[in-house]
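# Structural overview for review
In case you want the letters, here they are:
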Amino acid sequence: MVNTSISLETIEYFLLIMVRISCFVSVAPFYGMTNTPARVKIGFSALVSILLYGILPHPALEYTDVIGYATIVVREGITGLLIGFAANICNSIILLSGNIIDMNIGLSMATEYDPITQTNSPITGNFYNNLLLLLLIVTDMHHYILHAIADSYQVIAIGGTVFRWDSLMTSMVTFMTHSMVIGFRIALPVFACTMILNCILGIMSKVAPQMNMFSVGMQLKVLVGFVVMFLTIRLLPYVSDFIFTEMKRMMVSIIKGLY
C-alpha cells in the first residue's frame, strides 16, 4: 500500500509552475496552434509541469495573503506569455515577406483564412509559414523552444520575475528592425524581378502604345512571381536559419529583461 501526502505548499508551488508553462504553450509556435484541442494543451502543460516539479528546487514562497499569491500567479503568467510571444512573434517575419511578395505580383487582394492564426493571411505568406512550421519540426527547433521555457527557471525563479521595461522595449525595437531587414531579404528576388519587369513594360508601353500593358502586365507579374518562387524555394532552409537565429536571440533578450 502506497501512502502519499500532499501539502498545501506543494499544490501552490505546482500551480505556479503550471501557470507559466500553460501560458507559454498557449502562444508558442507549434505548441499554441489554435487548431490543437484544448485538452491536448492542458494535458501537455500538466505533464511538463509534473516533470519540472520533480527536478526544480522548492524555495519557500514569500507572500502573506491571497492577494500576494495572486500577484505571483499574474507574474508567472506574464512571464510565460512573454517567452512564448518572443518565439511566436518571429512568424511575423515570414508573413511580412509574403505581404511584400503578394503586393508585387498582384495577389495582395487574394487572402485566405489561416486556421492557425485565425486571421486572413496572404496566400504567399501562409504558404511560407506552413513550410517554415515543417522546417521548425524537422530541425528540432520545437525542442529548443521547450528547453528554453524549462531553462528559464534557472534564471527566473518562481515569484522572482522583475520586469525591466527598458530592456524589453529595446528588445522589441531591435526585433522590429531585424524583422524588416530579414523580411525584405526574403522577398528581394521577387521584388527585383518584378521591378525589372515593370521597367520593361514601361518601355514597351512607349514603343507600342496600342498594346494594353495593364492587362498584359498583371498576368506577367503573377507568372514571373511564381517562377521566381519556384526557383528560390530551395533557399528556404537558409531563410529558416535566419528566422530561427532571430527567434533564439529574441527569446534570450526577453528572458534577460525578466530578471
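Structure: above.
Residues numbered from 1 in each chain as written. Predicted model: local features only at pLDDT ≥ 70, side-chain atom pairs only at ≥ 80, totals over all residues. Heavy atoms only, no water.

## Quick word on the packing of aromatic side chains
What the rule picks out here adds up to seven aromatic pairs. Ring centres 5.2 Å apart and planes at 75° place the aromatic pair Phe30 and Tyr31 in the edge-to-face group. A relative accessible area of 10% means that Tyr31 is categorised as buried. On the numbers, 5.3 Å between centres and 15° between planes, the contact of Phe163 with Trp165 is stacked. Of note, Lys248 hangs over the ring of Tyr144, and the distance from its end group to the ring centre comes to 5.0 Å. (Phe/Tyr/Trp six-rings, centres within 6.5 Å; stacked < 30°, edge-to-face > 60°. Buried < 20%, exposed > 50% of the residue type's maximum accessible area, 1.4 Å probe, protein only. Lys NZ or Arg CZ within 6 Å of the ring centre and 35° of its normal.)

## Topic: empty space enclosed by the protein
Throughout the structure, instances matching the rule amount to one cavity of 30 Å³ or more. Volume-wise, the largest cavity comes out at about 30 Å³. Taken together, Pro29, Asn91, Asn129, Leu132, Leu133 and Leu136 make up the lining of the largest cavity. Partitioned by chemical class, the residues of the lining of the largest cavity number four nonpolar, two polar and no charged. (1 Å grid on protein atoms, 1.4 Å probe; cavity = no way out; pocket = protein on both sides within 12 Å on 5 of 7 lines; lining within 4 Å. Points joined across faces, edges and corners; volume = space filled by probe spheres on them. Nonpolar A, V, L, I, M, F, W, Y, C, P; charged D, E, K, R; others polar.)

## Notes on the environment of Ser167
Looking at the secondary structure, you find Ser167 in helix H7 (residues 165-207). For the pair formed by Ser167 and Ser45, sequence separation is 122 residues and the distance between their alpha carbons is 28 Å. (Helix = DSSP H or I, 4+ residues; strand = E, 2+ residues; numbered from the N terminus.)

## Side note on the pattern of salt bridges
According to the stated counting rule, one finds two salt bridges in the structure shown. Here Arg20 ties to Glu76 by a salt bridge, and the two come within 2.7 Å at their closest N and O atoms. In this pair, Arg20 sits in helix H1 (residues 8-27) while Glu76 sits in helix H3 (residues 66-88), placing the two residues 56 residues apart along the sequence. Taking relative accessible area as the criterion, Arg20 reaches 0% and is therefore assigned buried. Among the ionic pairs, Glu246 bridges to Arg249, the shortest N-O distance being 3.0 Å. In this pair, Glu246 and Arg249 both sit in helix H9 (residues 236-256), three residues apart, roughly one turn of the helix. Residue Arg249 is classed as partly exposed on the basis of its relative accessible area, which comes to 28%. (Salt bridge = Lys/Arg side-chain N within 4 Å of Asp/Glu carboxyl O.)

## Remarks on the layout of surface pockets
Of the voids in this model, the second largest pocket is the one considered here, and its volume is about 290 Å³. Lining the second largest pocket are 15 residues, with Arg185, Ile186, Pro189, Leu235 and Val239 sitting closest to its centre. If you list the elements that add at least two residues to the lining of the second largest pocket, you get H7, helix H8 (213-232) and H9. The greatest single-element share of the lining of the second largest pocket, amounting to five residues, is contributed by H7. Its residues placed into classes, the lining of the second largest pocket shows 13 nonpolar, one polar and one charged.

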